[in-house]
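# Observations on the three-dimensional arrangement
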Amino acid sequence: MTAVLEVRDLKVRFATPDGEVSAVNGVSFDVNEGECVGIVGESGSGKSQLFMSVMGLLAKNGRTLGSAKYRGTELVGMPVKDLNKIRGDKIAMIFQDSMTGLTPHLRIGKQMTEVLVQHKGMGEAAAVKRALEMLNLVRIPEAARRLAQYPHELSGGMRQRIMIAMALLCEPELLIADEPTTALDVTVQAQILDLMADLKRVTKAAIVLITHDLGTVAGLCDKVQVMYGGRFMETGSVQEIFYQPAHPYTAGLLASMPRLTEGRREKLYAIPGQPPNLQRLPKACPFQERCDYVHERCVDELPLLRDVTPGHAKACHLLSLANPVSDPKAPSLKVATEARSA
Amino acid sequence: MLSYAVRRLLEAIPTLLVIVALSFFLMHSAPGGPFDSERVLPPEIEANLKAAYNLDKPVWQQFTIYLGKALQGDFGPSFTYKDFTVSELILTGLPVSARLGLSAVTLAVLIGCTLGILAAMRQNTKTDYSIMGIAMVGITIPNFVMAPLLTLIFGIYLGWLPVAGLGDGSFRNLVLPVIALALPQIAIVSRLTRGGMIEVLRSNFVRTAHAKGLPEHLIITRHTLRAAMLPVVSYLGPAIAGLVTGSVVIEQIFGLPGIGRYFVQGAINRDYTLVMGTVITYGSLIVLMNLLVDLVYGLMDPRVRYD
Ligand SMILES: Nc1ncnc2c1ncn2[C@@H]1O[C@H](COP(=O)(O)OP(=O)(O)OP(=O)(O)O)[C@@H](O)[C@H]1O
Ligand code: SF4
Ligand SMILES: [Mg+2]
């Protein structure tokens, strides 16, 4: 398997008037050709900013540390001119807020064809033809008419389909979809997910699907990476994450998934407490303030990702959830003195 | 769009009527009258004069007489410039003021927008700070300080340009007044442009454009500028109406025969007809410019609906 994207010890920092925000705190992973990777975590866990930094789209006050390579080429610190040859062409991204992601004063046609003109040097006619193909692929009715319309003339679901079509125009090798269904009606959400599942089959693109909904991941992804406080808590295949969760946070997320049990709705479980303050993250385990199994080591030592089974890893000091005792062999970083004095 | 424009113009008629009525009654309720400043007249001559100008009638009757004539395009004779009608005065003065004002607006838009865009693209750098610093100065220094200063430097000290007057009517004579008039406008337009640009550059659709790998110049010209200029457009409407109807200070300092001075002189001399004439001119222009702004808005933002 060849990696399209290799991320190593990536960190994202934001300078703010009341201190530095540590949004992403050293994550490493690969996205391989044709693979679908799910990134899950609560709001504020750093999912979006992780990929914004890969795309060179951080806000002005943000900076990226570490490395992110597209087919061996370093993206971090790459001059914008060179980056512009990759984004939109090789790597495409769909954003969380579909309602405001299209330029209000430009026709859909222009917004789509300009991508092809830019990256493929296509003429107007060829670009329009290709744009129509893509609109049909994402099942937009009356595609030809849409090209002459403005974003405000289309529904939210339609706009999101257009965003998806636009991202796929150049046949990217990697498609990053940041919560492609938030801000949409439930029925439209289902349609978009359906579409994503189809696209996964027909395009060769590797897909990163960012979501806080484990259900979405279950239907679409091969691998899952569970994020909390800007770190990965657990990574593994969909089966492993769903049926053998090894991290207390993953177990909490799974327990808080709504589901129907024997015809009656269970009372929804929620992980107690609040996501951590990213300006004053605990130096050791970021989940310690909300974890049922928190013990001394969790406060003194940062747990590092380690294999539970090959390909399935967790960042937790526990031996296992079935036998929740501290594992003395668990790899960790001692941060005790700093943590205690901080 | 045409029916919208016509409807807006019809809707403006009551607005204008209110403006006319208000200024008429305010004018007449102010103490003093048009013949107060002259030598004391024998009572019977003053009575005759007043009768000739209908000033002996009750104010509301004067108003209906004035309105009736004004609706036919007759704004009456001026009280101070006795040999001219108000229409004549406005028609000779307006072109001078309009030429001055439109030149200043053009300059303000060209330079102001360029500076604003530059400042926004280099936000929080030395370029940005210096442009905004100069703009701040441009806004704070009043016309009556800037104009003599320019005259002193370029007219007298360097001797490059005429100090005052229209001269042979060539553009050379307008350079200094246009610059004096344009400077604060450049400052305001550049600040508005910068603000609009910065807001739009932060928007989600600009982020999408970056994600598409578009080069900077396309992101600015195609995706940012149109939305960013909306505040400038709404400012320019009324501003143009104001500039075109003459700047009292500038016309006075540079000795230009525009209509700006008529308004002030008219008010001081209780030249009722002249004041009313300038008020109506200014009011109509404001109405027209606001309509124009709304139409331009529609061209710039497809979400604007005329209904
Ligand atoms: N420009 C910025 N300046 C300061 N902090 C920022 C900035 N942008 C993002 N953050 C912070 O970074 C953290 C991570 O944000 P991110 O958008 O990655 O969250 P997320 O996991 O995508 O959450 P959600 O599910 O709500 O989209 C948040 O706490 C956010 O407040
Ligand atoms: S390291 Fe400790 S606090 Fe963190 S998840 Fe594991 S048991 Fe909980
Ligand atoms: Mg997000």
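Because the structure is predicted, anything quoted here is derived from the model rather than measured.

A word on the overall build of chain A. Summing up its helical and strand segments, chain A has 12 helices and 16 strands in all. For 342 residues, the compact-globule estimate of 2.2 N^0.38 gives 20 Å, and the C-alpha radius of gyration of chain A, at 21 Å, lies within 12% of that figure. With the C-alpha coordinates aligned to their principal axes, the bounding extent of chain A is approximately 65 × 55 × 40 Å. By element, 54% of the accessible surface of chain A is carried by carbon and sulfur atoms, the whole surface being about 15,300 Å². Of note, chain A has its 40 positive side-chain charges centred 3 Å away from the centre of its 38 negative side-chain charges.

Next up on the list: the interface of chain A and chain B. Opposite the 26 residues of chain A that make contact, chain B presents 20 residues. Taken together, the two surfaces of chain A and chain B that pack against each other cover about 2,200 Å², and 55% of this comes from carbon and sulfur. Joining chain A to chain B, the criterion identifies 3 salt bridges. We note a salt bridge from Arg 207 of chain B to Asp 97 of chain A, for which the minimum N-O separation is 3.0 Å. On the surface where chain A and chain B come into contact, there are 16 residue pairs in polar contact (both at pLDDT 80 or more). Counting residues per element, the ones that place at least two in the side of chain A that touches chain B are helix H3 (108-120) and helix H6 (156-168) of chain A. No other element matches the 6 residues that H3 of chain A contributes to the side of chain A that touches chain B.

What follows is about the packing of aromatic side chains. All told, the structure shown has 9 aromatic pairs over all chains when counted by the stated rule. Three or more aromatic residues joined by ring pairs make a cluster, and in this case those are Phe 24, Phe 25, Phe 63 and Tyr 66 of chain B. The ring centre of Phe 95 of chain A lies 4.2 Å from the NZ or CZ of Arg 207 of chain B, which sits over that ring.

Residues and elements named next belong to chain A. Looking at the magnesium ion (ligand 3), one finds its protein donor set to be Ser 48 (OG) and Gln 96 (OE1), positioned 1.9 to 2.5 Å from the metal centre. A residue pair is termed long-range when its members are at least 10 positions apart, and Ser 48 in helix H1 (residues 47-54) and Gln 96 in the loop between strand E6 (91-94) and H3 qualify at 48 residues. Assessed through its relative accessible area of 13%, Ser 48 is described here as buried.

Quoted interface sizes are often the accessible area lost when the parts come together. Domain annotation of chain A identifies domain 1 (103-166) and domain 2 (243-341). Relative placement of domain 1 of chain A and domain 2 of chain A: their C-alpha centres are 44 Å apart.

Attention shifts here to the pattern of salt bridges. Taken as a whole, this structure holds 27 salt bridges over all chains when the rule is applied. A salt bridge links Glu 11 of chain B to Arg 7 of chain B; its shortest N-O distance comes to 3.4 Å. Of this pair, Glu 11 of chain B and Arg 7 of chain B both sit in helix H1 (residues 2-29), 4 residues apart, roughly one helical turn. A cluster of three or more residues bridged by salt bridges with shared partners is formed by Arg 13, Glu 20 and Arg 63 of chain A.

Residues and elements named next belong to chain A. Around ligand 1 sit 17 residues, and of these Ser 43, Gly 44, Ser 48, Gln 49 and Gln 96 come closest. At 3.1 Å, a backbone N or O of Gly 46 approaches an oxygen atom of ligand 1. Relative to its unbound accessible area of 640 Å², ligand 1 is 73% covered by the protein chains. If you list the elements that add at least two residues to the shell around ligand 1, you get strand E1 (3-16) and H1. Among the elements that make up the shell around ligand 1, the one with the highest residue count is H1 (3 residues). When the residues that make up the shell around ligand 1 are grouped by side-chain class, the tally is 4 nonpolar, 10 polar and 3 charged.

It is worth spelling out the site of ligand 2 at this point. Contacts to ligand 2 come from His 247, Pro 248, Cys 285, Phe 287, Gln 288, Cys 291, Tyr 293, Cys 298, Pro 303, Cys 316, His 317 and Leu 318 of chain A. Looking at the shell around ligand 2 residue by residue, the classes come out as 9 nonpolar, 3 polar and no charged.

Taken together, Leu 149, Leu 152, Ile 153, Ile 156, Tyr 157, Leu 158, Trp 160 and Val 163 of chain B make up a surface patch of nonpolar side chains, about 840 Å² in accessible area. Here Ile 156 of chain B lies in helix H6 (residues 143-157).

With that settled, the discussion passes to the side chain of Arg 306 of chain A. Inspection of the secondary structure puts Arg 306 of chain A in strand E14 (residues 306-309). For Arg 306 of chain A, the residues in contact, after removing those within four places along its chain, are His 312, Ala 313, Lys 314, Cys 316, His 317, Leu 318, Asp 327, Ala 330 and Pro 331 of chain A.

Let us look at the nonpolar core. Of all hydrophobic cores here, the largest spans 97 residues; its most connected members are Phe 51 and Met 112 of chain A. With 8 residues, H6 of chain A is the largest single contributor of residues to this core. For this core, the domains that each give at least three residues are domain 1 (103-166) and domain 2 (243-341) of chain A. Excluding anything up to four places from it in sequence, Met 112 of chain A contacts Ala 131, Met 134, Leu 135, Leu 147, Ala 165, Met 166 and Leu 169 of chain A. By size, the runner-up hydrophobic cluster in this structure holds 34 residues, among which are Ala 180, Met 229, Ile 240 and Phe 254 of chain B.

All names here are of chain A. The buried count for strand E8 (residues 206-211) comes to 6 of 6 residues, which makes it a mostly enclosed element. As judged from the 5 bridges shared by strand E3 (residues 36-40) and E8, these two strands associate in the parallel manner. If you follow Gly 38 over to E8, its bridge partner there is Leu 209. Where strand E7 (residues 174-178) lies against E8, 5 bridges are found, and the strand directions are parallel.

What follows deals with the sheet that holds E1 of chain A. Residues and elements named next belong to chain A. Across the sheet, which stays open at both edges, the 4 strands sit in the order E2-E1-E4-E5 with antiparallel pairing between neighbours. If you trace the sheet from one side to the other, it starts and ends with strand E2 (19-32) and strand E5 (73-74), each paired once. Pairing of strand E4 (residues 62-70) with E5 involves 2 bridges; the strand directions are antiparallel. Each bridged residue has a counterpart across the sheet, and for Lys 69 the counterpart in E5 is Glu 74. Running at roughly 110 degrees to E1, H1 makes contact with E1, E2 and E4 of the sheet.

A separate point is helix H5 (residues 126-140) of chain B. Residues and elements named next belong to chain B. The terminal C-alpha atoms of H5 lie 21 Å apart, and with 15 residues this matches the ideal 21 Å at 1.5 Å per residue to within 8%. Those residues of H5 not exposed but buried are Asp 128, Ile 131, Met 132, Ala 135 and Gly 138. End-on view of H5: buried residues confined to an arc of 110 degrees, all on one side of the axis. In this structure, H5 carries Lys 126, Tyr 129, Ile 134 and Thr 140 as exposed residues pointing more than 90 degrees from its buried face. The secondary structure elements touched by the buried residues of H5 are helix H4 (86-121) and helix H7 (172-201).

The rules behind the values
- Residues numbered from 1 in each chain as written.
- Chains lettered and ligands numbered in written order.
- Predicted model: local features only at pLDDT ≥ 70, side-chain atom pairs only at ≥ 80, totals over all residues.
- Heavy atoms only, no water.
- Helix = DSSP H or I, 4+ residues; strand = E, 2+ residues; numbered from the N terminus.
- Rg over C-alpha atoms; globule rule 2.2 N^0.38 Å.
- Areas by Shrake-Rupley, 256 points an atom, 1.4 Å probe, with all protein chains shown as cover.
- Lys, Arg positive; Asp, Glu negative; His and termini not counted.
- Charge placed at Lys NZ, Arg CZ, Asp CG, Glu CD.
- Contact = heavy atoms within 4.5 Å.
- Buried area = accessible area lost by both parts, 1.4 Å probe.
- Salt bridge = Lys/Arg side-chain N within 4 Å of Asp/Glu carboxyl O.
- Polar contact = N/O pair within 3.5 Å; in protein donor to acceptor, adjacent residues only side chain to side chain.
- Phe/Tyr/Trp six-rings, centres within 6.5 Å; stacked < 30°, edge-to-face > 60°.
- Lys NZ or Arg CZ within 6 Å of the ring centre and 35° of its normal.
- Donors = N, O, S within 2.8 Å, 3.2 Å for Na, K, Ca; no water.
- Buried < 20%, exposed > 50% of the residue type's maximum accessible area, 1.4 Å probe, protein only.
- Domains from an automatic or database assignment.
- Near = heavy atom within 4 Å.
- Nonpolar A, V, L, I, M, F, W, Y, C, P; charged D, E, K, R; others polar.
- Patch = residues over 30% accessible without salt bridge, like charges linked within 9 Å, V, L, I, M, F, W, Y side chains within 5 Å.
- Core = buried A, V, L, I, M, F, W, Y, C linked by side-chain atoms within 4.5 Å.
- Pairing = 2+ DSSP bridges.
- Axes fitted to C-alpha atoms, helices over the stretch in contact; angles between N-to-C directions.
- Expected span 1.5 Å × (residues − 1).
- Arc of directions from axis to C-beta.

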